[in-house]
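Residue strings, one per chain:
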Amino acid sequence: MDAKEKELYLAIIVAIVLFSIIIIYFVTSLILYQRRFIALQKERINAEINTLENERRRVASELHDGIGPLISSVKLYINSLDVGEDDTEIVHKAGTYIDDIMQNIRQISNNLMPNTLVRKGLDAAIKEFVDKADNQNGIKISYSCEIPELSINKDMEINVFRIVQEIINNTIKHSGASKLIIKLTQQEKMLLLQTSDNGKGFDFESMKNKDVSKEGGLGLKNLESRVDVLGGQLFHQSSPNKGVAFIFEIPINHSTNN
Ligand SMILES: Nc1ncnc2c1ncn2[C@@H]1O[C@H](COP(=O)(O)OP(=O)(O)OP(=O)(O)O)[C@@H](O)[C@H]1O
Ligand SMILES: [Mg+2]
């Protein structure tokens, strides 16, 4: 090999090394950019869900603690009116309407942020919701919690509760099922939420990706966002007329501020 050939080989090797470095740099930047993009997206979804739940909590307590007592005062004033016999019936009717308004306000406030969830925790709140929803549209809902002492943080409780709420509402609205089974268990550091219905079934991916502005809903998308916020995983299985089954695997020590 003469000097010129050596130089040529050297130049080729240097070119290959430089080219490889550029490719590696390019691929690494792309991977880092993608990771950053996914992390930012998660942060955004996390913030949106937190804002939504905080807003629900705020409106629920404004209704319950702000407007509730005001309406009670109105009722007290009306009852203390010194009216003649002709107007007694009117005052009585006004009192009944005020009671209805109070009842509705309590209901709306409780739907926004269930009191039982705040005071007694996830298991009690799911039981209460299941009791109310049971037998609607002829669907028998059975719920069991096989965790002796369920201890998870409030944010996690709210997210798991919203997931259960959405599954129950969807089963009632869309499935045509006669039964829905909901089970909460724990496997080491994982909370497992398993649900199954015996309805008509559906294709999760195609339903989830339907445009919200047309016929699509938000429920399935929100299920995924909440599981993401919880750092968990969602598995689903469905076939025509064999119903749908979900498994949510959620790490118990995950912080929703991640
Ligand atoms: N358990 C189920 N059985 C059969 N079909 C279902 C079930 N759950 C959801 N679906 C189908 O998936 C679609 C999308 O559900 P999704 O919860 O996203 O929207 P929605 O319930 O229609 O509206 P939203 O949840 O926003 O009030 C439903 O319209 C329904 O066709
Ligand atoms: Mg829905």
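Just above sits the structure.
Residues numbered from 1 in each chain as written. Chains lettered and ligands numbered in written order. Predicted model: local features only at pLDDT ≥ 70, side-chain atom pairs only at ≥ 80, totals over all residues. Heavy atoms only, no water.

**Quick look at the nonpolar core**
A general feature of soluble globular proteins is that nonpolar side chains tend to end up buried together. Core analysis: the biggest nonpolar cluster contains 38 residues, and Val160, Ile168, Ile182, Leu191 and Phe248 have the highest contact counts within it. Where this core is concerned, the elements lending two or more residues are helix H4 (122–133), strand S1 (140–145), helix H5 (154–175), strand S2 (179–187), strand S3 (190–197), helix H7 (219–229) and strand S5 (244–251). In terms of residue count, H5 provides more of this core than any other element does, nine residues in total. Listed in part, the five residues of the second largest apolar core include Leu63, Ile71, Ile98 and Met102. (Core = buried A, V, L, I, M, F, W, Y, C linked by side-chain atoms within 4.5 Å. Buried < 20%, exposed > 50% of the residue type's maximum accessible area, 1.4 Å probe, protein only. Helix = DSSP H or I, 4+ residues; strand = E, 2+ residues; numbered from the N terminus.)

**What to know about the environment of Val83**
With respect to the secondary-structure elements, Val83 resides in the loop between helix H1 (3–79) and helix H2 (85–112). Placed 47 residues apart in sequence, Val83 and Val130 show a C-alpha to C-alpha distance of 46 Å. In contact with Val83, other than residues within four places in its own chain, are Thr88 and Val91. (Contact = heavy atoms within 4.5 Å.)

**A few points about the pattern of salt bridges**
It is possible for side chains of opposite charge to pair when their charged atoms get near one another. Across all of its chains, the model carries eleven salt bridges by this definition. The residue Asp99 makes a salt bridge to Lys75 at a minimum N-O spacing of 2.8 Å. Linking Asp99 in helix H2 with Lys75 in helix H1, this pair joins segments that are 24 residues apart in sequence. Judged by relative accessible area, which is 37%, Asp99 ranks as partly exposed. By relative accessible area, which is 22% here, Lys75 ends up partly exposed. Put simply, Asp134 and Lys140 hold a salt bridge, and the shortest N to O gap is 2.7 Å. When salt bridges with common partners are traced through the structure, they connect Glu53, Arg56, Arg162 and Arg226 into a single cluster. (Salt bridge = Lys/Arg side-chain N within 4 Å of Asp/Glu carboxyl O.)

**Thoughts on unusual backbone geometry**
In this structure, Asn135 takes a positive phi of about 70° despite not being glycine. Mapping Asn135 onto the fold places it in the loop between H4 and S1. Phi angles above zero are rare outside glycine, and Asn137 is one such case at about 60°. Assignment of secondary structure puts Asn137 in the loop between H4 and S1.

**Side note on the layout of surface pockets**
Computed from the structure, the largest pocket encloses a volume of approximately 490 Å³. Lining the largest pocket are 23 residues; nearest its centre among them are Asn170, His174, Phe202, Met207 and Leu220. Of all the secondary-structure elements, those providing two or more residues to the lining of the largest pocket are H5, S3, H7 and S5. Per-element tally for the lining of the largest pocket: the top contributor is H5, with seven residues. Within the lining of the largest pocket, the residues separate by chemical class into eight nonpolar, nine polar and six charged. Lining the second largest pocket are 15 residues; nearest its centre among them are His64, Ser109, Asn110, Met113 and Asn115. (1 Å grid on protein atoms, 1.4 Å probe; cavity = no way out; pocket = protein on both sides within 12 Å on 5 of 7 lines; lining within 4 Å. Points joined across faces, edges and corners; volume = space filled by probe spheres on them. Nonpolar A, V, L, I, M, F, W, Y, C, P; charged D, E, K, R; others polar.)

Nothing here speaks to function; it is geometry throughout.
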